[in-house]
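# Notes for the structure review
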Protein chains: 2
Amino acid sequence: MEKILEQTLLYDFYGELLTKHQKQVYEDVVFGDLSLSEAAEEYQISRQGVHDLIRRCDRTLRDYEEKLGLVKKFGETRRLVDRIHELAQEYERTGDGGCVRKIEEISRKIGEL
Amino acid sequence: MEKILEQTLLYDFYGELLTKHQKQVYEDVVFGDLSLSEAAEEYQISRQGVHDLIRRCDRTLRDYEEKLGLVKKFGETRRLVDRIHELAQEYERTGDGGCVRKIEEISRKIGEL
């Protein structure tokens with residue numbers, strides 16, 4: 001996965017578990033427009049300090065994912081919802097009741113993720 | 001919600017975020033058969049220490065729920081999956097294609113939780 005996409009997903013799911021300070025710096029540097037040097041000036045820490053904070057946040061976010069796996073679950077849910085969408089379209093075309101039974105089965109799987 | 005049910009759900013979702021020691025004691029006392037005194041002897045800590053550990057774990061688990069809301073999401077997902085099940089049954093009885101469209105809509109909602 002591309003690094004920024006991975007960071008976005010992880011931050012989406014676990015960002016709330018970082019401290020307020022970590023969140024501010026992380027957002028400014030990773031998703032915002034601040035360079036390490038600019039963030040260093042903004043937050044009155046060293047450039048190296050900003051760099052370390054970002055790495056530490058990345059590691060923390062990955063640790064949470066390793067333990068809770070929400071990003072993975074989210075991907076699976078999306079895949080199953082897409083499959084339901086396809087089956088609903090197939091039903092529209094064919095009127096085949098088998099599609100509806102498959103849809104129900106998939107929705108159960110989602111409930112068990 | 002009954003306390004033991006709340007504890008079970010919270011532990012199910014966030015238990016992995018406790019330390020190994022916390023998990024052992026928590027499981028033995030809350031879900032297992034050990035009394036505070038028995039756990040105190042087993043883990044060589046005071047009875048009060050066991051009591052505090054359980055309270056601290058409960059607070060930690062609730063804090064995670066406050067930040068991530070996974071138990072709440074889980075409840076909503078289950079509710080929507082049940083609704084899909086009802087609609088699928090209605091479709092079986094009536095053959096009404098409108099049910100399928102509603103099912104698809106609900107599955108989208110699940111994907112957005």
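Relevant structure appears above.
Summary of the structure given here. (Residues numbered from 1 in each chain as written. Chains lettered and ligands numbered in written order. Predicted model: local features only at pLDDT ≥ 70, side-chain atom pairs only at ≥ 80, totals over all residues.)

Let us look at the overall build of chain A. Looking only at helices and strands, chain A features 6 helices and 0 strands. Scanning chain A from its N terminus toward the C terminus, one meets helices and strands in the order α-α-α-α-α-α. Residues counted as buried form 21% of the 113 residues belonging to chain A. Considering only contacts in chain A between residues 6 or more positions apart, those separated by 24 or more positions represent 47%. (Helix = DSSP H or I, 4+ residues; strand = E, 2+ residues; numbered from the N terminus. Buried ≥ 20, exposed ≤ 12 C-beta atoms within 10 Å, placed from the backbone. Contact = placed C-beta atoms within 7 Å.)

Looking now at the relation of the copies chain B and chain A. Mapping chain B onto chain A calls for a rotation angle of 180 degrees and an axial translation of 0.0 Å; the resulting RMSD is 0.0 Å. Taken together, these values place the two copies in the relation of a two-fold axis. Interface overlap between copies: 100% of the residues of chain B at the interface are likewise at the interface in chain A, consistent with a symmetric, same-surface contact. (Least-squares fit on C-alpha atoms with pLDDT ≥ 70 in both.)

Our next topic: the interface of chain B and chain A. Facing 18 residues of chain B, the contacting portion of chain A comprises 18 residues. When residues of the side of chain B that touches chain A are traced back to their parent elements, those giving at least two are helix 4 (47-68), helix 5 (70-94) and helix 6 (97-112) of chain B. The residue makeup of the side of chain B that touches chain A, split by class, is 9 nonpolar, 4 polar and 5 charged. (Nonpolar A, V, L, I, M, F, W, Y, C, P; charged D, E, K, R; others polar.)

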